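# Report on the structure
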Amino acid sequence: MTVLSEHYTLSNGVTIPKLGFGTWQTPDRVAPSAVEMALRAGYTHIDTASAYENERGVGKGLRASGKPRDEVFVTTKVRAEYKSYAQAKASIERSLADLQESYADLILIHAPRPWREMSSHRNPYHTENIAVWQALQEAYAAGQARAIGVSNFAVDDITNLTEHCDIAPMVNQICFHVGYTQPEITAYCQANGILVQAYSPLGTGSLLTNAQIGAVAEKYGASVAQVCIRYALQKGTNPLPKSTHEEYIIANTEVDFVLSPDDMLTLDGIRTRAG
Ligand code: A2P
């Protein structure tokens, strides 16, 4: 069994392919070919977002691939800047229209605060996130989303929702890679049945020249990218590597080796600029 046929099961019973395909920083005009190449390479899980401004291209790639809709898991996100119920509802409608889909498999709140305020905790936007979550809960009830979740949320952002809303997030998509594993939020999610999705599993490319990871990779006859993806999988997360090159897109699926406990510890000990 290869990673391409493995799944996690979300708290509502929906299955999600263990390896996803990232499209952050993939321009709309490139997205159709990138997504089509990924689906041809065997990925069945594509991640996009309203803020990526490539949902039209992602939708085109999905249709061009000829893959039946129910064989692909598609995620999109409500913009971090949209912090009212009405804005969130409109964002979901717009995403589905741009994707030309009647539903997404997963819809996330992109971030707990608008991006320009992400490093400030002056306003936690707790009341606003409850209103946004209400729109996601309604989309879920209406069948516009098969699952709902959050992204870039810290523990207090999540407990705000679980204490005040009916449905707990099924996913938290965070930056997670060798050297930056966000142990507090990762442990919290994993203890509470919230799947951690790992965006930037290659450190947005910054890890590719890391000599310490390179030394581990050599032992397995693997590339640094493959070791990083394998590391994220063995940490129980759902990596979403991004690429626009067919060679990389294919190579990033060839991760059916197992990093030894010792090598996992070595990778745990690596500190990167981002982490
Ligand atoms: P490109 O998009 O030009 O194909 P992350 O997934 O952490 O965001 O990292 C994405 C970056 O890593 C992109 O610059 C991507 O390049 C590059 N990349 C993805 N897969 C590989 C690979 N197997 N080998 C080398 N670079 C890769």
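The structure this text deals with has already been given above.
Notes on the structure follow. (Residues numbered from 1 in each chain as written. Predicted model: local features only at pLDDT ≥ 70, side-chain atom pairs only at ≥ 80, totals over all residues. Heavy atoms only, no water.)

### Things to note about the pairing of strand E6 (residues 104-109)
Along any regular strand, the residues point their side chains to alternate faces of the sheet. The buried fraction of E6 amounts to 6 of the 6 residues, a majority that puts the element mostly inside the structure. As paired strands, strand E5 (residues 73-78) and E6 are joined by 4 bridges and run parallel to one another. Bridging across to E6, Thr 75 finds its partner in Leu 106. Note on the crossover from E5 through helix H3 (residues 85-99) to E6: the handedness is right-handed. Here 5 bridges tie E6 to strand E7 (residues 145-151), and the two strands are oriented parallel to one another. Note that in E7 the partner of Leu 106 across the bridge is Ala 147. This β-α-β element, E6 to helix H4 (residues 126-141) to E7, shows right-handed connectivity. (Buried < 20%, exposed > 50% of the residue type's maximum accessible area, 1.4 Å probe, protein only. Helix = DSSP H or I, 4+ residues; strand = E, 2+ residues; numbered from the N terminus. Pairing = 2+ DSSP bridges. Right-handed = clockwise from strand over helix to strand, strands pointing away.)

### Here we look at helix H7 (residues 211-220)
Among all positions in H7, only Ile 213, Gly 214, Val 216 and Ala 217 are buried. Projected down its long axis, H7 shows its buried positions confined to an angular sector of 165°, all on one face. Facing away from the buried side of H7, by more than 90 degrees, are the exposed residues Ala 211, Glu 218 and Lys 219. Packed against the buried residues of H7 are helix H8 (224-234) and helix H10 (261-268). Between the side-chain oxygen at the start of H7 and the backbone nitrogen of Gln 212 there is a gap of 2.9 Å, and the oxygen is on Asn 210. Gly 221, located one to two residues past H7, shows a positive phi value of around 60°. (Arc of directions from axis to C-beta. Contact = heavy atoms within 4.5 Å. Polar contact = N/O pair within 3.5 Å; in protein donor to acceptor, adjacent residues only side chain to side chain.)

### Some thoughts on the site of the ligand
Near the ligand there are 15 residues, and of these Leu 202, Thr 204, Lys 242, Ser 243 and His 245 occur at the shortest range. Here Leu 202 contributes a backbone N or O atom positioned 2.8 Å from an oxygen atom of the ligand. The contact in question runs from an oxygen atom of the ligand to an N or O atom on the side chain of Lys 242, over 2.7 Å. For the ligand, whose free accessible area comes to 580 Å², the fraction covered by protein is 82%. One can see that the ligand is located within the largest pocket. (Near = heavy atom within 4 Å. Areas by Shrake-Rupley, 256 points an atom, 1.4 Å probe, with all protein chains shown as cover. 1 Å grid on protein atoms, 1.4 Å probe; cavity = no way out; pocket = protein on both sides within 12 Å on 5 of 7 lines; lining within 4 Å. Sits in = over half its atoms within 2 Å of the grid points.)

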